Amino acid sequence: MKVALSQLWKIRILTNILMFGWRFILNRLPTKDNLLERDIELAEIDEVCVLCGNYSETRNHLFTDCIFSLRIWKAIYAWLGYSKQISANDFVDFPNRFSKMNNKAVREVVYIVWLAASWTIWLSRNAVIFEDKSANLEDCITSIKFTSWNWINSGRFSSPYCRSY
């Protein structure tokens, strides 16, 4: 985890996104299970994931086990051109699993895509809860691609990878 956190702080993107990634890695996001651990009471129905409506919301469920998120990760894998199948758990544990990639440029691009995908899933979840919106899979995938592309090409980072949006 220590290596993952040190790699996170080297990514050149907005500080609030880095803080989100930091809280994600430490499992400190205010997911429903974490809110309950902090003695913040929720109605029983409120414990359920708002993206799928089937299971209790935990970080791992929200970002990997939820059918909505699984579809997002599948689309992102295809967009990145991964030929071998990577499990959704690999992406939740991405900072630990991929922090030692040899190619720094590839590592940073994939880290940015991971942050963009996780951030977009989080924003979708929050829009459902706080704005009474519905989560749209295609909108999320498009947002992840656009956000990744934007962050990669923001002038603070340049890489020959991910140029085919």
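Rules used in this analysis
Residues numbered from 1 in each chain as written. Predicted model: local features only at pLDDT ≥ 70, side-chain atom pairs only at ≥ 80, totals over all residues. Heavy atoms only, no water. Patch = residues over 30% accessible without salt bridge, like charges linked within 9 Å, V, L, I, M, F, W, Y side chains within 5 Å. Areas by Shrake-Rupley, 256 points an atom, 1.4 Å probe, with all protein chains shown as cover. Salt bridge = Lys/Arg side-chain N within 4 Å of Asp/Glu carboxyl O. Helix = DSSP H or I, 4+ residues; strand = E, 2+ residues; numbered from the N terminus. Phe/Tyr/Trp six-rings, centres within 6.5 Å; stacked < 30°, edge-to-face > 60°. Buried < 20%, exposed > 50% of the residue type's maximum accessible area, 1.4 Å probe, protein only. Core = buried A, V, L, I, M, F, W, Y, C linked by side-chain atoms within 4.5 Å. Contact = heavy atoms within 4.5 Å. Expected span 1.5 Å × (residues − 1).

(A) Summary view of a nonpolar patch on the surface. Residues W9, M19 and W22 make up a contiguous nonpolar surface patch of roughly 280 Å² in combined accessible area. Here M19 shows up in helix α2 (residues 15-25).

(B) Summary view of the packing of aromatic side chains. Evaluated as defined, the whole model comprises eight aromatic pairs. Geometrically, the ring pair formed by F24 and F63 is edge-to-face, given 4.8 Å between the ring centres and 75 degrees between the ring planes. Linking F24 in helix α2 with F63 in helix α4 (residues 59-65), this pair joins segments that are 39 residues apart in sequence. We classify F63 as buried; its relative accessible area is 0%. Here the aromatic rings of Y111 and W114 are separated by 5.8 Å at their centres, their planes lie at 75 degrees, and the arrangement is edge-to-face.

(C) Region of the structure containing the nonpolar core. Core analysis: the biggest nonpolar cluster contains 40 residues, and I13, L51, F63, I72, Y111, L115 and W151 have the highest contact counts within it. Elements that contribute at least two residues to this core include exactly α1 (2-8), α2, α4, α5 (67-80), α8 (104-131) and α9 (137-152). Per element, the largest residue contribution to this core is twelve residues, and it comes from α8. For L115, the contacting residues outside a window of four places in its chain are L8, I13, I17, G21 and W151.

(D) View of the environment of I17. Along the chain, I17 turns up in helix α2. Classification of I17 as buried rests on a relative accessible area of 1%. Distance in space between the C-alpha atoms of I17 and A116 is 8.5 Å, their sequence separation being 99 residues. Contact partners of I17, with chain neighbours within four places excluded, come to L115, W119 and W151.

(E) Fine view of the side chain of S148. In this fold, S148 is placed in helix α9. Non-local contacts of S148, meaning those with residues more than four positions away in its chain, are made with W79, I112, V113 and A116.

(F) Focus on the pattern of salt bridges. As enumerated under the stated definition, the model contains three salt bridges in all. The salt bridge involving R12 is made with E108; its shortest N-O contact spans 3.4 Å. Residue R12 is located in the loop between α1 and α2, and its partner E108 is located in helix α8; the two are separated by 96 residues in the primary sequence.

(G) Just unusual backbone geometry, in detail. Unlike most non-glycine residues, N27 shows phi in positive territory, near 55 degrees. When you line up the elements, N27 lands in the loop between α2 and α3 (32-37). Judged by relative accessible area, N27 falls into the partly exposed class, the value being 25%. Positive phi, close to 65 degrees, is recorded for D39, a residue that is not glycine. With respect to the helices, strands and loops of the structure, D39 is situated in the loop between α3 and α4. The exposure class of D39 is exposed, given its relative accessible area of 68%.

(H) Here's a closer look at α5. The terminal C-alpha atoms of α5, which comprises 14 residues, lie 20 Å apart, in line with the 20 Å expected from a rise of 1.5 Å per residue. Within the sequence span of α5, burial applies to F68, S69, I72, W73, I76, Y77 and W79. Of the residues one or two after α5, G81 is the one with positive phi, at around 75 degrees.

(I) Geometry of the environment of S134. Note on placement: S134 falls in the loop between α8 and α9. By relative accessible area, which is 67% here, S134 ends up exposed. Residues S134 and V50 lie 84 residues apart in sequence; the distance between their C-alpha atoms is 9.1 Å.

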